[in-house]
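# Residue-level structural notes
These are the residues of each chain, in order.
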Amino acid sequence: MSLRFCNSHSLYHLLLVLVIFCSISAIYAKANEDPTIRTMEAFSGYPIHESNSFVTNLASSLSVDTETLQKRIDELSTFSDTPAPSVTRVLYTENDVLARSYIKNLMGLSGLSVREDAVGNIFGRWIGNEAVLAPVATGSHIDAIPYSGKYDGVVGVLGAIEAINVLKRSGFKPRRSLEVIMFTSEEPTRYGISCLGSRLLAGIESLAKDLTSTVDGQNISFLDAARSAGYAKEHNDLSSVFLKKGSYSAFVELHIEQGPILEEEGTSIGIVTAIAAPASIKVDFEGNGGHAGAVLMPNRNDAGLAASELALAVEKHVLESGSIDTVGTVGILELHPGAINSIPSKSHLEIDTRDIDEKRRNSVIEKIRQSAITIAKNRGVTLSEFKIVNQDPPALSEKSIIEAVEAASKELNLTHKFMISRAYHDSLFMARVSPMGMIFIPCFKGYSHKPEEYASGHDMENGVKVLALTLAKLSLQ
């Protein structure tokens, strides 16, 4: 009698366990989840993987500390070589080094594991549950051209750190590690090389070689400047900076638009589908020079006028391209000896050309070169240099990242639009390392690279939330 009772009792419990197991299996199988993992989670109380529903619900729990974010942006802006409201922060200068320490400290306060490479790219990593998987990265730069503003690049670094804090406060646990990158010298201010840090990360060997002999306007070599800031200590080989393709599963950069479209249209988020192809050109003319009063006009070989004529030719060729996406700028024009009563014997121009269409941009470059040759001949001056410093291809955003940003925007009930970035960013070169995407937020009148540059706390909050939710989605893939 008692034996029959025990067997019946055991059978009852066995059937009960099977019913529970089948119920759990049915629920999660319906949701296309692994029932074994979910059963283990149910009994252990520890989430092995975050569910898609958790990420969807995550949107409502994201909380950005906008006040602290703005405070940090303001504090970072004080590391400047020029007075407020302008910001000037040039590669490896004293204020650049102080700003780097500020960023590393914030990464540490957020619980990130911090490292730096040989040129000063700074990495802060939040280790995921499956650390062996390729991480998801985000970030931007903090260097600033002379007399610029305090939001360009900075929003993408401090905003990324805040996005990590947002996810931590929400209780999110990343599957793939999440990494914040502060790139070295996105601006070409000191050595004439834009996106220096991200170019090296992308493994551009010619740049690593050229930097060993590159000097700035004060004849300070790149390596000496780097060592003065605490980098490139061991040897001259910068290849240690190179990343293997696939080092990250995705890279997403948050940035102010640097244009007026989002603000004018009242749209909260810009989803970048492509980054225009940039190219830089250096041109030198040499003439005879002479006294401004003594040399008659028919006898002059004026290198300054040759430079001026080429500057106008740049505008002409760009406008004749037939596309609004083609742009050209003569950003530097220098004359020697630079005296009012001396005919310029030398002139130096630096030209920036960009287009979303690489072939069309290259056609404009060739027309500029032909114009330089013709102008030199007609004016009796020598075209001593026509050097294409960089001629980079455009970069397309990865479809899966575009979709993740779009989904995040929708879940946060934020308006968005797809757009092209005509400014280039470190994302242009990170696209050579991993799938890439960008998030734009509005900025006041589209202003950038000037003290009036501004992004509101509300717009930064939206951008950080979209970034945080996008990182969460990509981390679980």
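Preceding this section is the structure that the text describes.
Along each chain, residues carry numbers from 1 onward, in the same order as the chain's sequence is written. Under the rules for a predicted model, residues below a pLDDT of 70 receive no local features and side-chain atom pairs below 80 are neither given nor counted, while totals for whole chains, interfaces and linings still include all residues. To get the side-chain values, all heavy atoms of the structure are used, and hydrogens and water are removed first.

### A few points about the pattern of salt bridges
Note on definitions: salt bridges are taken to be side-chain nitrogens of Lys or Arg within 4 Å of carboxyl oxygens of Asp or Glu. Counted under the stated rule, the structure contains 20 salt bridges. Close ionic contact of Asp96 with Arg100 constitutes a salt bridge, the shortest N to O distance being 3.0 Å. Here Asp96 pairs with Arg100, and both are found in helix 5 (residues 94-109), just 4 residues apart, close to one helical turn. Arg100 carries the same exposure label as Asp96, and that label is buried. Here the residues in one salt-bridge network are Arg199, Asp392 and Arg432, joined through shared partners. Helix and strand definitions follow DSSP, with helices as H or I runs of at least four residues and strands as E runs of at least two, each counted in order from the N terminus. A 1.4 Å probe rolled over the protein chains alone gives each residue an accessible area, and that area as a share of the maximum for its type sets the label: buried under 20%, exposed over 50%, partly exposed in between.

### Observations concerning the packing of helix 4 (residues 66-77) against helix 6 (residues 154-170)
Here an angle of 0 to 180 degrees is reported between the N-to-C directions of two axes, which are lines fitted to C-alpha atoms, with helices fitted over the stretch in contact. For the pair helix 4 and helix 6, the least separation of the axes is 10 Å and the interaxial angle reads 145 degrees. Note that helix 4 runs across helix 6; the crossing there is right-handed. Residue-level contacts link Leu69, Arg72, Ile73 and Leu76 of helix 4 to Val154, Val155, Leu158, Gly159, Ile161 and Asn165 of helix 6. Here the residues of the contact of helix 4 with helix 6 are counted per class, giving 7 nonpolar, 2 polar and 1 charged. By convention, the crossing between two helices is left-handed when the near helix turns anticlockwise from the far helix through less than a right angle, and right-handed when the turn is clockwise. When checking whether two residues touch, look at their non-hydrogen atoms; a contact exists if any pair is within 4.5 Å. Three classes are used: nonpolar for Ala, Val, Leu, Ile, Met, Phe, Trp, Tyr, Cys and Pro, charged for Asp, Glu, Lys and Arg, and polar for all others, with Gly counted as polar.

### Structural notes on the packing of helix 5 against helix 6
Put simply, helix 5 and helix 6 touch, their axes get as near as 10 Å, and they point 15 degrees apart. Taken together, helix 5 and helix 6 sit at an angle that is classed as roughly parallel. As helix 5 packs across helix 6, the resulting crossing turns out to be left-handed. Facing Ile103, Leu106 and Met107 of helix 5, the residues of helix 6 in contact are Val157, Leu158 and Ile161. Among the residues making up the contact of helix 5 with helix 6, the classes are represented as 6 nonpolar, no polar and no charged. Each angle gets one of four labels, with under 35 degrees taken as roughly parallel, over 145 as roughly antiparallel, 65 to 115 as roughly perpendicular, and the rest as oblique.

### Let's talk about the packing of aromatic side chains
The criterion for an aromatic pair is that two Phe, Tyr or Trp rings (for Trp, the six-membered ring) have centres within 6.5 Å, with stacked assigned to planes under 30 degrees apart, edge-to-face to planes over 60 apart and tilted to the rest. Enumeration over the complete set of coordinates arrives at 8 aromatic pairs. Ring geometry for Phe183 and Phe251: centres 5.7 Å apart, planes at 75 degrees, overall edge-to-face. Taken together, the positions of Phe183 in strand 6 (residues 178-183) and Phe251 in strand 7 (residues 250-256) put the pair 68 residues apart, joining distant regions of the chain. Both residues of the pair, Phe183 and Phe251, count as buried. Considering the side-chain rings of Phe444 and Tyr447, the 5.6 Å spacing of their centres and the 85 degrees angle between planes classify their relative orientation as edge-to-face. Accessibility expressed as a relative area gives 25% for Tyr447, which makes it partly exposed.

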